[in-house]
Amino acid sequence: MSERVRYPEFEARHPWLVRLLDAYQLCDEAVRKDLAEQTARRGRGVACGPGCRNCCIDQVIPVSEFEVLGLWWYASEILAGPLQDELKQRLLGHGQVGECAFLVEGRCSIYPLRPFVCRQYYVFSKPCGPGENVYETRLKDAYRAGLDSARDLAWQLIPLYGVAEENVDWLFESGYVSRKGKHLHTLPLDNIVMHMKTSAHLRKARNA
């Protein structure tokens, strides 16, 4: 089992962050187990790896508001220096198509807080070719991992919407989380830049 990422100072202030990080850990462990089983069954491993980013181009990325809040927080409070500066420029100039706005020099700048969908989709055999849709060209190589963890994830996230625990199961069954989702790149991502600047100003004031 991999160690869960921790940000004690911020988790003490943001209960939602604790639940989101717990949910990501649950997801990652389920994905890891699932991919190991698939690799053994198929006799071939996952083709995705560092530097591979075809799935970050021209893709719909459904996210809940708490996933957005997480990457918003990470970009503003954790990123710093040239990486944050480059991300600012990408967010300000980003449209609704093309590379994901959070790709900086070909890598995910908010990787520890990347959305669930980015943690679950994999390709076996060989990496995707430029512009390839593996669901059309080689469906058997496309795989979404960790789906069995969906109910556990719901128990972490649905209460964040102010839902009583006794209602979590039936809301999960009714597709509550998916109804709350939005396409990441249709959101006003440039607003994150304003929050980055505000956070930097507050940090400077505290350290003065």
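This write-up is about the structure you can find in this document.

Parameters at a glance
Residues numbered from 1 in each chain as written. Predicted model: local features only at pLDDT ≥ 70, side-chain atom pairs only at ≥ 80, totals over all residues. Heavy atoms only, no water. Core = buried A, V, L, I, M, F, W, Y, C linked by side-chain atoms within 4.5 Å. Buried < 20%, exposed > 50% of the residue type's maximum accessible area, 1.4 Å probe, protein only. Helix = DSSP H or I, 4+ residues; strand = E, 2+ residues; numbered from the N terminus. Contact = heavy atoms within 4.5 Å. Polar contact = N/O pair within 3.5 Å; in protein donor to acceptor, adjacent residues only side chain to side chain. Salt bridge = Lys/Arg side-chain N within 4 Å of Asp/Glu carboxyl O. Arc of directions from axis to C-beta.

Some words on the nonpolar core
Next, step 1: Trp73, Leu87, Leu91, Phe102, Leu113, Leu184 and Ile192 are the most contacted members of the largest nonpolar core, which totals 49 residues.
Next, step 2: Within the residue set of this core, elements represented by two or more residues are helix H2 (15–42), helix H3 (65–78), helix H4 (81–92), strand E2 (103–104), helix H5 (116–120), helix H7 (150–157), helix H8 (168–173) and helix H10 (190–207).
Next, step 3: No other element matches the nine residues that H2 contributes to this core.
Next, step 4: Beyond its immediate stretch of four places on either side in the chain, leucine 87 contacts Ala75, Leu79, Ala101, Phe102, Val104, Ser109 and Met196.

Let's talk about the side chain of serine 199
Next, step 1: Mapped onto the secondary structure, serine 199 falls in helix H10.
Next, step 2: Of note is the side chain of serine 199, whose polar atom sits 3.1 Å from the side chain of glutamate 77.
Next, step 3: Setting aside anything within four residues of it in sequence, one finds serine 199 in contact with Ser76 and Glu77.

Details of the pattern of salt bridges
Next, step 1: By the definition in use, this model includes 13 salt bridges.
Next, step 2: The partner of arginine 32 in a salt bridge is glutamate 29, and the shortest N-O contact between them spans 2.8 Å. Note that arginine 32 and glutamate 29 are positioned in helix H2 at a spacing of three residues, about one turn of the helix.
Next, step 3: One continuous salt-bridge network, built from bridges that share partners, spans Arg44, Glu132, Arg138 and Asp141.

Comments concerning H7
Next, step 1: Restricting attention to buried positions, one finds in H7 the residues Leu153, Ala154, Gln156 and Leu157. On an axial view of H7, the arc spanned by its buried residues comes to 160°, and they lie on one face.

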